[in-house]
Amino acid sequence: MHKGLAIYPGSFDPPTNGHLDLIERGAKIFEELVVAILRNSEKSPMFTVSERREMLQQLTAHLKNVSIDTFDGLMVEYAKSRDATCILRGIRAISDYEYELQMALMNRKLEPTLETVFMMPADKYSYVSSRLVREVAQAGGPVKGLVPEIVEQKLRDKLALGKQRETRAIEILDRIDLGGKELNPKVAKRKKKA
Ligand code: PNS
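None of these values were measured; they are calculated from a predicted model. (Residues numbered from 1 in each chain as written. Predicted model: local features only at pLDDT ≥ 70, side-chain atom pairs only at ≥ 80, totals over all residues. Heavy atoms only, no water.)

**Q** Describe the nonpolar core, and please don't skip the residues or the numbers.
**A** Generally speaking, nonpolar side chains in soluble globular proteins are found buried as a group. Tyr8, Ile23, Leu33, Val35, Leu56, Val66 and Leu88 are the most contacted members of the largest nonpolar core, which has 17 residues in total. Listing elements by their share of this core, those giving two or more residues are strand S1 (2-10), helix H1 (17-29), strand S2 (30-38), strand S3 (66-71) and strand S4 (86-90). For this core, the leading source of residues is S2, giving 4 residues. For Val35, the contacting residues outside a window of four places in its chain are Tyr8, Phe12, Ile23, Leu56, Val66, Ser67, Ile68 and Asp69. (Core = buried A, V, L, I, M, F, W, Y, C linked by side-chain atoms within 4.5 Å. Buried < 20%, exposed > 50% of the residue type's maximum accessible area, 1.4 Å probe, protein only. Helix = DSSP H or I, 4+ residues; strand = E, 2+ residues; numbered from the N terminus. Contact = heavy atoms within 4.5 Å.)

**Q** Can you tell me about the site of the ligand, naming the residues and giving the values?
**A** Of all residues adjacent to the ligand, which total 14 residues, the nearest are Ser11, Lys43, Gly73, Met75 and Arg89. Here an oxygen atom of the ligand and a backbone polar atom of Met75 are 2.8 Å apart. Within the side chain of Arg89, one N or O atom sits 3.0 Å away from an oxygen atom of the ligand. Taking a 2 Å distance to the grid points as the criterion, the majority of the atoms of the ligand fall inside the largest pocket. Here the shell around the ligand takes 4 residues from helix H4 (residues 94-110), the largest share from any one element. Partitioned by chemical class, the residues of the shell around the ligand number 8 nonpolar, 4 polar and 2 charged. (Near = heavy atom within 4 Å. Polar contact = N/O pair within 3.5 Å; in protein donor to acceptor, adjacent residues only side chain to side chain. 1 Å grid on protein atoms, 1.4 Å probe; cavity = no way out; pocket = protein on both sides within 12 Å on 5 of 7 lines; lining within 4 Å. Sits in = over half its atoms within 2 Å of the grid points. Nonpolar A, V, L, I, M, F, W, Y, C, P; charged D, E, K, R; others polar.)

This is the structure:
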């Protein structure tokens, strides 16, 4: 076991079985592992940082040397503030390598004492990414086996809430009449059909 603390940074939007697999592997080789969620991502996330934090906390509750945190700004600065000695990142396929190498070398330039360690998740997760999970779930496809069950449920809740909001918005727009001009094309279409 490697003495000291390692950081596993990422977006985790949402956490997948691949992430969990890597966390479990990391927990075996590092004395302490901190899963760190990036807060200031430019992407518009599906899950809030606190939702992601909560999911990761539940998913790693059985791993006593794993904790969940969030960070802003430069990852190496956060790692230094935690006295970390290693950064853990996963490489699924050769396509990940270029980006990961670039990031590891940039991080090394910024902080030469921090070492990036790459691990491979189980090959059955080699095609699983948060982006594809979101895409499949949003299109109504099954994500069973790709994400833990609690994440699957959260995805269902989130998408049902989205649908509810869309229906409510349509109903509100339905009531708005701008001098006979319909605001919402869906409503206009419905009225035309009626
Ligand atoms: O899960 P992701 O989206 O692949 O994680 C990327 C992450 C969060 C590790 C990376 O974007 C990051 O570390 N961002 C923080 C800002 C930073 O330090 N940028 C320089 C990296 S070379």
